[in-house]
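# Structure at a glance
Below, each chain spelled out in residue letters.
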Amino acid sequence: MVSAGTLHVVSTEMTVGAFAMAGAAFLLAGLASHDLAGMRRHLTLADNVAHFALAFGLLAMPMAIMTGIQASPGEGVDHPLLINKMLLASTAFGLAFGVLLTRWRQGSGLWLNEWGRRWQALGGMAAVGLILTTASIGGTFSRGESLLDMLHLPYEHVPLMPIWLSGFVIIVATVNLVLLRRPAQA
């Protein structure tokens, strides 16, 4: 039988690999949508790769989370690093889901809108950054080191969200949902 630790390594590599591919494709799609370096003709390819890789990463993420909890020593999520991983992964999941939902609702015409193309590319790359930070925390937890150690990020501190900020996030999410119901303008 395969251990939870081994399954976690495999599922994490699939998740991180898919998100890394999505990040590179979102960067290329953002450049192509602004016709930088003559890349306009590659916009459709970059758009498809970015969103497909992001969707695959989202599908692989639950397995990485479940096996990570099973493989962690102790009683589940009882370490500040693991709590930070959970918060970052949840935020990345929500952001990536929003990026995919926006693309699905508005279609490829999203890249024709000046603000749409900027927010889509930035949203996709931000979700990727959060996942890569989550993976870095995992490296810190399991090996005591990661590629982001040079940034001296405060992994040991668990950020608590004040109530006013929670309310603000709920208001922004509600406004986004209302605006998302409007038909796309291409």
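Keep in mind the model is a prediction, meaning the values are calculated, not measured. (Residues numbered from 1 in each chain as written. Predicted model: local features only at pLDDT ≥ 70, side-chain atom pairs only at ≥ 80, totals over all residues. Heavy atoms only, no water.)

Summing up its helical and strand segments, the protein has five helices and zero strands in all. Start at the N end of the protein and walk to the C end: the helices and strands fall as α-α-α-α-α. The buried share of the protein, reckoned over its 186 residues, is 35%. For the protein, contacts bridging at least 24 residues in sequence account for 75% of all contacts bridging at least 6. Carbon and sulfur atoms form 70% of the exposed surface of the protein, whose accessible area is close to 11,600 Å². (Helix = DSSP H or I, 4+ residues; strand = E, 2+ residues; numbered from the N terminus. Buried < 20%, exposed > 50% of the residue type's maximum accessible area, 1.4 Å probe, protein only. Contact = heavy atoms within 4.5 Å. Areas by Shrake-Rupley, 256 points an atom, 1.4 Å probe, with all protein chains shown as cover.)

For helix α1 (residues 4-33), which comprises 30 residues, the first-to-last C-alpha distance of 42 Å matches the rise-based estimate of 44 Å (1.5 Å per residue) to within 8%. Looking at the residues trailing α1, positive phi occurs at D35, about 55 degrees. (Expected span 1.5 Å × (residues − 1).)

Before going further, it helps to examine a nonpolar patch on the surface. Residues V2, L7, M63 and M66 make up a contiguous nonpolar surface patch of about 350 Å² in total accessible area. Along the chain, the position of M66 falls in helix α2 (residues 43-71). Its relative accessible area of 51% is what places M66 among the exposed residues. (Patch = residues over 30% accessible without salt bridge, like charges linked within 9 Å, V, L, I, M, F, W, Y side chains within 5 Å. Salt bridge = Lys/Arg side-chain N within 4 Å of Asp/Glu carboxyl O.)

As a further point, take the nonpolar core. Counting residues in hydrophobic clusters, the biggest one holds 25 residues, and the most contacted among them are F19, A22, F26, L54, A96, W111 and I131. Where this core is concerned, the elements lending two or more residues are α1, α2, α3 (80-106) and α4 (114-143). Once residues within four sequence positions are removed from consideration, L54 is found in contact with F19, A22, F26, A96, V99 and L100. (Core = buried A, V, L, I, M, F, W, Y, C linked by side-chain atoms within 4.5 Å.)

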